[in-house]
Amino acid sequence: MVTTQEQVQDIRQSVIETPDTFQYSCFHLEHNGKRINDYIELSEVPDISPESKLVLVEDPYTEREAKIHILRIREVIGATAAKNDSVAGINAGVSLFAGVQESVEKVDSKSGAHPMSDYDFEKPASLDTYIPPPQSPAPKTIKSISVSPWNPPPYHLRQKGHLMYLQVVTLEGETVHITSHISGFFVNKSSGAKFDPFPKNAKLHAHSLLNLFPLISPSFKKEFNELLEYNSKRDPLATFPPTNAIPSSPWLVPPQQAPHFQQTWDISRTQDAYLAQNTENMDTLRDYNEEFQSTRELPKDSVQERVFRERLLSKMYADYTEAAVKGAMLIARGELAPLNPTEGKDAQIFVYNNIFFSHGADGVGTFAAEGGDEAARLATGKDVLGVKIVNTLDIPGLSTPGTAVVDYLGHRIVAQSIIPGIFRQKEEGQNQIDYGGVEGREVVATNEAFEPLFEKMSKTMHVKKHAVWDKEGKRHDLVSSVETKGLLGTDGRKYVLDLYRITPLDVEFLEKHWKGTEGEEAETGYPHRMAVLRSELVDSFYRIKLREFVNTEAQKKQKERAEKLEAEKKAKEEAGETEEKKEGEEKKEGEEEKTEEKKADEEDFKVDISAFELSLNPDVFSGQKPETEEEKAEMEKDEANVRAACAFLTGQIIPGLIDDLKEGDVGSPMDGYSLVRLMHKRGINVRYLGLIAEKAAEHGSKLESIRAIAVQEMIARSVKHVLGPMLRAVTLAIAPYVVAHFLNCLLGVEYNAEPKAVIDEELWKLYHDADFSFTELTPAAVAEKIQKDVFKRYRFTLGEDWVKNVKHVQLLREIALKVGLQIVARKYTFKPIVEEPVDEEEQKKLKAIEAVKAQQVNGNHDGGKKKKKSKSSAPTTPPLQKAAAPVTTFTPEDIVNFVPIVKDAASKSQLAEEALEAGRISIIQDQRELGQELLLESLSLHEQIYGVLHPEVARVYNTLAMLYYQLDEKPVAVELARKSVVVSERTLGIDSSETILSYLNLGLFEHANGNTTAALAYIRHAFGFWRIVFGDGHPDSVTTMNNVAVMLQALKHYHDSRLWFETSLKVCESIFGKSSANSATLSFQLAQALALDQDSKGAVTRMRDAYNVFLNELGPEDRNTKEAESWLDQLTHNAVSIAKQAKELGRRKRIPLTPRVTLSAKPQPQAGQGKGAFAESSTSGPAVGPAPEGLQSRSIDELVKFIEGGEQTGPKKKRGNANPKRRGAKA
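Scoring rules and cut-offs
Note on numbering: residues in each chain are counted from 1, in written sequence order. The predicted nature of this model means local features are confined to residues of pLDDT at least 70 and side-chain atom pairs, given and counted, to a pLDDT of 80 or more, with totals for whole chains, interfaces and linings taken over all residues. In computing side-chain values, all of the structure's heavy atoms are included and hydrogens and water are not. Strands are runs of DSSP state E lasting at least 2 residues, helices are runs of H or I lasting at least 4, and numbering of each runs from the N terminus. When a residue's accessible area, from a 1.4 Å probe over protein chains only, is under 20% of the maximum for its type it is buried; when over 50% it is exposed; and in between it is partly exposed. We call two strands paired when DSSP finds no fewer than two bridges between them. Axes here mean lines fitted to C-alpha atoms, for a helix over just the part in contact, with angles spanning 0 to 180 degrees between N-to-C directions. Whether two residues touch is decided by their heavy atoms; if any such pair falls within 4.5 Å, the residues are in contact. What pLDDT conveys is the predictor's confidence in a given residue, as a value from 0 to 100. Take the buried Ala, Val, Leu, Ile, Met, Phe, Trp, Tyr and Cys residues and link them wherever side-chain atoms come within 4.5 Å; each set so joined is a nonpolar core. Domain segmentation is taken from an automatic or database assignment of domains. Aromatic rings from Phe, Tyr and Trp, with only the six-membered ring used for Trp, were paired whenever their centres fell within 6.5 Å, and each pair was classed as stacked if the ring planes differed by under 30 degrees, edge-to-face if by over 60, and tilted otherwise. Salt bridges are defined as contacts in which a side-chain nitrogen from Lys or Arg sits within 4 Å of a carboxyl oxygen from Asp or Glu.

A short note on the environment of Y965
Within the element layout of this structure, Y965 appears in helix α30 (residues 951–966). We classify Y965 as buried; its relative accessible area is 0%. Taking C-alpha positions, Y965 is 9.9 Å from A977, a pair spaced 12 residues apart along the chain.

Written out as structure tokens, the structure reads:
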């Protein structure tokens, strides 16, 4: 059943993808005997009605259709081998979610086990978490299907309908030759030695290969049905390849000898390129620029048109980025010839697949005065960001080229679509550029045709129209930065280029730290003069100034109004108005006066913001020299505005972020990526990481995690800059040797203080002209290089022993993600191996055990098998043989692959974002039904525009899951959270901070939905990655551990719950101190947990601790203090009684407690997400103060009764009914 609003093309696609109609790929649809156009809507078909039937009619094949059919059938029957995708890397797009779900199913809850049963807080996090569990192989339907060596058909047979020949090997081992004919497929008489492509048997003929295979292989049908069943059990989200995003590649991968990477023999893998020819215009070069511009010019009046346009744009960005990455990788590996081979390496340019490539370095001296290569490198990154902003503005008539920046093997490659006419030689006297600076700032071009478009762009970016002067002193008025260029292409379109200076310079920073490009001071000064403010900061500065303007104007109007009323009052008094009025008239006139006054007040307090204007001149402090006094005054005013913006950054924005993090008003970042993302949202540049670290250090343990992450991020980024030139100087074959030695000098120095580089003599001879200076690196030299680079870029001084203080695994991860490394997942030795002495008794025991084992192996094979079988259900690790200790921590073999790091200019879908925001606002305004409808519409738009597997879709799944959880729609929240987890894993990374938080929230929703065992499994998985990403002791981990303890109590595992509460309190005290309200709240909860675990003495002690802190911090009248005092009195009063009855309690049957009031778990927001209508705060501990009932987590009488052994008389609480939005809720 279909509706008339559906596209015919969508119906075709659903036929192709439905299991019952897999065999069809070459067909058309008919209605009343007339063919339907594939590219129209069903409603456009003549005489169509809801009762109409469409008829599927098979078409004759063409060579293109035959190739499409073969590719499709190979995919359907599972005959397609895994491809080695150079763009994505090893294990790209892997998801571990199915493995976590399987672990839940294995938990035997009847025996009292739960996912946290064997959790060891002291044991270091295992890197094996990154290795996906081995998958059971899919049923094999056919051994191989490939293009026959007899191809192509001779000319005389082409005229008889022969398209191509195939060779199939069945499961029975028979080799069958098949002719692809215009009528379908038939078995021919050919063999490996004889060519006879005519039918072997008239019955062995079918229109589809799927119908032919059962005729030639008896076992095909059975195996194919098993394959369909196998595929149906797998989550489509975890198996479908992403279409609009590059899948995430993990930095740790299984060893290449692992079962995951067994290389399979498949001749058809090499034929994919041949079969793909002509199917998707693969043999013709795409004109990406024309595709981009024509797509942007599509109509966008209706919602349908906007969806279609944005979906096409999203697909275009993805295709372009993939092509750009492939080209950049070829250039970095030296496999592409430059257009100008006689130029220096950094000045060489390339064209590949209709994309223009250049190096992100100052090859021609454009940035010589600004910092050379460093300035050029930064400019390319800022240009991509500028193009993304302009793409988001979507100004009709203003075009941008497709742009991407790829970092690979130390190279930065810039990819741009080719603008028509950009390579055209201009006549003498004419400029290549039509608007903006032509040759730096020396020649300036203006063109009235560009001004209206550039003005729209600049107004949104708060860029001021200003004057610039060329080398002859001539004034030009520009509406954008002189660095931003306008070009009129030969296609008649107006293009904007070089968008790296859309905001002013951070002059306050540069005046302190920029020391020029020459001299001794330049060695310690900031590396370039391209330090610009972020556009987010300019927006914040504009908003704060607008708010100040509105407040000032409102105060003026209020004052004027007061003066006016005072004047009117005096005038009345002077006139001596004593006229008496009737009571009714007075009342009526009084009401009229009040109404008029109210209207007048409303009019008076309306502020016209059109009078407010604030825009910044991006070219101040850039060598512009005004000539007249008026021009100088204007320039001084512009400079003052820019200085005010710079002061706003360092004086308000950065301290504001630190305060928010200190107070716990926003989620705390867990790695460098989430910290930098949070900084960028606030408009803070990465160069301020040093300042962030210094300010965080001022607050001691409260912000120690922020300081540690900031320092680690600075070191990792400096490693990228120090390692980059070394990688550029060698080839791909030598790169693993460079990285391994560098990492040994940095992270393996405690294990081996004098590591030596591994040298492969054959390679060294082969690349005799390569730069092998990296072999001379020493740990001291590496530490010094990094220390200098950190100070130069971030103005931060690392301590003397900073190398010894780094977190090895966490820093290794950050370096791998920034450089693009994929490393073998194994236990790396960062510190000397200390063998614990074994006494004589232990040695005797060990020898006896070994002797028994040897006897069992040699003498009782059956018993050994039984023993193995009985333990097969539990995951066991085979005993490792003691191998010789490695010489160094890392070897070249550990560096398995290099993946590209990509920055693209793809903009977000404005339509999908608008729907999401409208849904949020509707729910805030208590319009629940409308809000939910808009939220679902937003989700549908996200999926249509981006495709399901995309980072933006993962984020909207997570947002909607949280919203539905707040709306008490728990099953929906769980379903959305599961999707969020899988999509996040595949597109953001299995250890991304966003993926970890998605797992934590899924655990919370599962618990609220009554599935606490699954919730604990998800949290355990996330917690394992959290410890790898950050380490132990993260502030937000207190909330997670508290949640785990609450969930274990719900499962009545009171002792394990107590352990988690104790660990949570330990971390909380280390961060906030023992006398903090957060620690007191946890002490209160721990006291209850101890009471449940029948430790009355410990319960009294912890409750006394909580009471003392509440008394000192909140005062004796606070509700929390009174409640703690009440609990303390009761527990103390019963302590003696409990001690007396200890023996009796030991004999009695333990009575399960179902508390009248239960604790609830708390959701985890993304880093930097604050309190809002649908985002609860993620403070480092449970909330204290505003919700005093939070402490009242159990009835005192009931708890004491339970401890004393009394019976439970209250009604039993149903599972999962507690409101998860409150820490305490009545059952």
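There's more to say after this.
Notes on the sheet that holds strand β14 (residues 411–417)
The strands that make up a sheet pair up through hydrogen bonds in the backbone, lying either parallel or antiparallel. Pairing is antiparallel in the open sheet, where 5 strands are placed in the order β10-β11-β14-β13-β23. Across the chains shown, the open sheet's two edge strands, defined by having one partner strand only, are β10 (349–352) and β23 (901–904). Each neighbouring strand pair of the sheet contributes to a mean axis angle of 25°, computed without reference to strand direction. This element, helix α10 (residues 303–332), spans β10, β11 (355–359), β13 (403–408), β14 and β23 of the sheet and lies at about 45° to β11. Packed onto the sheet, helix α11 (residues 373–393) meets β13, β14 and β23 and runs at close to 140° relative to β13.

A look at the confidence of the model for the chain
Low pLDDT marks stretches whose predicted atomic positions should not be read closely. Looking at the chain as a whole, the pLDDT averages 84, with 84% of positions reaching at least 70. For the chain, strand β25 (residues 1225–1226) is the element with the lowest average pLDDT, namely 32, and β13 is the one with the highest, namely 97. Note on residues 856–882: pLDDT under 50 across the span, and 5 contacts to partners over four residues away in sequence or across chains. Confidence drops under a pLDDT of 50 for residues 1171–1193, and excluding neighbours within four residues, the segment shows 74 contacts in the predicted structure.

Description of the nonpolar core
Residues F742, L746 and F774 are the most contacted members of the largest nonpolar core, which totals 218 residues. Taken together, domain 3 (668–824) and domain 4 (907–1144) each give at least three residues to this core, which thus spans both. Ignoring anything within four residues of it in the chain, the contact list for L746 reads V719, V782, I786, W802, V803, L811 and I815. By size, the runner-up hydrophobic cluster in this structure holds 31 residues, among which are I70, V147, A206 and L212.

Quick word on the packing of aromatic side chains
Two aromatic rings are characterised by how far apart their centres lie and by the angle between their planes. As enumerated under the stated definition, the model contains 37 aromatic pairs in all. Residues Y61 and F185 carry aromatic rings whose centres are separated by 5.4 Å and whose planes lie at 70° to one another, so their mutual orientation is edge-to-face. Taken as a pair, Y61 in the loop between β3 (55–58) and α2 (63–76) and F185 in strand β7 (residues 184–187) lie far apart in primary sequence, 124 residues in all. As far as burial versus exposure is concerned, Y61 and F185 are alike and both buried.

A few points about the pattern of salt bridges
Taken as a whole, this structure holds 63 salt bridges when the rule is applied. The partner of K545 in a salt bridge is E548, with the nearest N and O atoms 3.5 Å apart. With a gap of 3 residues between them, K545 and E548 both fall in helix α15 (residues 535–575), about one helical turn apart. Under the relative-accessibility criterion, K545 is labelled partly exposed at 28%. With relative accessibility at 40%, the residue E548 sits in the partly exposed group. Here R955 ties to E952 by a salt bridge, and the two come within 3.0 Å at their closest N and O atoms. Taken together, the residues span about one helical turn, with R955 and E952 both in helix α30 at a distance of 3 residues. Side by side, R955 and E952 carry an identical accessibility label, which is buried. A cluster of three or more residues bridged by salt bridges with shared partners is formed by D671, E713, R717, R813, E814, K818 and D991.

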